[in-house]
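# Architecture and fold: a report
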Amino acid sequence: MITADLLIIHAGELVCISDTASDKPKRGSDLSEPHIIPDGAVAAEGGRIVWIGKASEVHSHVELKRGGDEIDARGSVVTPGLVDAHTHPVFAAPRQMEFAMRASGKTYQQIAAEGGGIANSVARTRAASEDELYANAVKVADRMLDYGTTTSEAKSGYGLSLADELKMLRVVRRVNDSHAIDWIPTALPAHDIPSEYKSRPDEYVALVCNEILPAIAREKLARFNDVFFETGVFNRKQSFKIQSEARQLGFGLKFHVDELSDVGGAQLAAEMNAVSADHLVYISESGISALAQSNTVAVMLPGTAYFLDLPRKPPVCKMIDAGVAIALATDCNPGSNMTESLQMAMNQACVLYKMTPAEALVAATHNAACAIGRAGAIGSLTVGGQCDAVIWDASDYRELPYHYGVNLATTVVKKGRVVRGKV
Ligand SMILES: [Zn+2]
């Protein structure tokens, strides 16, 4: 008999996503076929999954330890914990003023001229103490767990100076040390050119390469480095220089690319073997084929397109058909998408990008785990993997993106422990 300290039984649909652990993203028609066990059960011991199968067979294989928890899912959908592959969760203050200005017809340029945009978050983040940032970050982490996100990527990028980028990443580390959620840290000193360097961007690039990234590496504060490669932000040469330095220092690479224009960002990300290329609203044909032939995961952020009411939609169906590995994320941030809900992102992916509910769910679990280098351990329910799971108030997984704007997560399990809802 296998011993367990947690048992979830009678999952009407146990959506495992994969039947065996894999660190390869799903592509093409594989995205449409999540592995599902009807009336399923999953057992865990010490936070790891030790058995998965039919509820009718669990008791002949698994013995629950004394004091262990048995959760009757009563016919509900059970999925892996959701994985948010792109977020900016550390910030000092919301930017509801800018939201109101956009709603009354002001343009991006007008809002920026009145002190809005990333510069607003940078000014406030620089002025905030680490403790203040931490208090706000915990609220974001709490909401993520409430909504079924058990792991999230977490970027810096509102400091844009040595001290303030370190401050943000130390906040991410404090959240990891004190909270049930896992935040995978990404350095983003190249989120924007800070105002004091606007007239001499190459000097800022040198600061990032020679001082900020080496300091982050010394303190082991980030696993990835990200760059905003875009017209008017960092050009191709500067992005290449920063990412080459980051790679030397041992960081995995991520890119904000082709968000506002086609800069050939998808191609650069694929060329540099980045773990992900994110946004991709203006991706070109050659960008699609570069990603399809690479290991780089395309992280789509439909919430940002919705929140900013962007006029263009990325060709997601075409990308899937071409074999690009697609992941979904919220882009949770105070400027361009203020939500922690991946349930919402799945809805937006289906409505705006015509992804199917199956594709959206695989993209927000296994493929998202691939985009942050954690596939195999999280993002699917497989023996040997981490027991991060969500029980939903739904009997069919397609209800997750369909019944939107409300929270369907009723019980959230992280590393085999119930962190939200009842046992
Ligand atoms: Zn972003």
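The structure this text deals with has already been given above.
Attention in this report is confined to the structure presented alongside it. Just so it is clear, the model here is predicted, and its values are computed rather than measured.

Helices and strands together make up the secondary structure of the protein, namely 16 helices and 16 strands. The C-alpha atoms of the protein give 21 Å as radius of gyration, which agrees with the globular expectation for 423 residues (22 Å, within 12%). The C-alpha extent of the protein, read off along each of the three principal axes, is 70 × 45 × 45 Å. Expressed as a percentage of its 423 residues, the buried residues of the protein come to 60%. For the protein, the exposed surface amounts to about 16,300 Å²; the carbon and sulfur share of it is 50%.

The protein atoms that coordinate the zinc ion are H86 (NE2), H88 (NE2), H256 (NE2) and D331 (OD), at distances spanning 2.1 to 2.7 Å. Taken together, the four donor atoms surrounding the zinc ion define angles of 78 to 163° at the centre, an arrangement classified as irregular. All donors to the zinc ion come from one chain, and their sequence spacing reads H-x1-H-x167-H-x74-D. Of the two residues, H256 is situated in strand β10 (residues 252-257) and D331 in the loop between β13 (326-328) and α13 (342-353); the sequence distance between them amounts to 75 residues.

Once that is clear, we can look at the pattern of salt bridges. Inspection of the entire model under this criterion finds 24 salt bridges. Among the ionic pairs, K198 bridges to D192, the shortest N-O distance being 3.5 Å. Taking relative accessible area as the criterion, K198 reaches 47% and is therefore assigned partly exposed. As a salt-bridge pair, E271 and R236 come within 3.4 Å of each other at their nearest N and O atoms. Here E271 is found in helix α9 (residues 265-271), whereas its partner R236 is found in helix α8 (residues 236-248), with 35 residues between them in sequence. Through salt bridges with shared partners, a single ionic network connects R126, D164, K167 and E196.

Relative to strand β2 (residues 35-45), strand β1 (residues 2-17) runs antiparallel, the two being bridged by eight bridges. Following the sheet pairing, E13 is matched in β2 by P38. Across six bridges, β2 lies against strand β3 (residues 48-54) in antiparallel orientation. When the sheet's bridge partners are listed, E45 is paired in β3 with R48. With antiparallel pairing between neighbouring strands as the criterion, β2 and β3 make up a hairpin whose turn holds two residues, including G46 at a positive phi of roughly 60°.

What holds strands together in a sheet is hydrogen bonding between their backbones, with the strands either parallel or antiparallel. Strand order in this open sheet of eight strands is β6-β7-β8-β9-β10-β11-β12-β13, and the pairing throughout is parallel. At either margin of the open sheet sits one strand with a lone partner, and together these are β6 (82-84) and β13. Neighbour-to-neighbour, the strand axes of this sheet turn through a mean angle of 25°, independent of strand direction. As judged from the four bridges shared by β10 and strand β11 (residues 276-279), these two strands associate in the parallel manner. Each residue of the ladder has a partner; that of K254, found in β11, is S276. Strands in contact with helix α6 (residues 162-178) are β7 (149-155) and β8 (182-190); relative to β8, the strand with the most contacts, it is inclined by about 175°. Most of the contacts of helix α7 (residues 201-218) go to β8, to which it runs at about 150°, and overall it touches β8 and β9 (224-229).

The subject of this paragraph is the state of the cysteines. On inspection of all chains with the given rule, the structure shows zero disulfides. Left unpaired, C16 is separated from the closest cysteine sulfur, that of C387, by 11 Å.

Calculation criteria
Residues numbered from 1 in each chain as written. Predicted model: local features only at pLDDT ≥ 70, side-chain atom pairs only at ≥ 80, totals over all residues. Heavy atoms only, no water. Helix = DSSP H or I, 4+ residues; strand = E, 2+ residues; numbered from the N terminus. Rg over C-alpha atoms; globule rule 2.2 N^0.38 Å. Buried < 20%, exposed > 50% of the residue type's maximum accessible area, 1.4 Å probe, protein only. Areas by Shrake-Rupley, 256 points an atom, 1.4 Å probe, with all protein chains shown as cover. Donors = N, O, S within 2.8 Å, 3.2 Å for Na, K, Ca; no water. Tetrahedral: all angles 85-135°; square planar, octahedral: opposite > 155°, others 65-115°. Salt bridge = Lys/Arg side-chain N within 4 Å of Asp/Glu carboxyl O. Pairing = 2+ DSSP bridges. Axes fitted to C-alpha atoms, helices over the stretch in contact; angles between N-to-C directions. Contact = heavy atoms within 4.5 Å. Disulfide = S-S within 2.5 Å.

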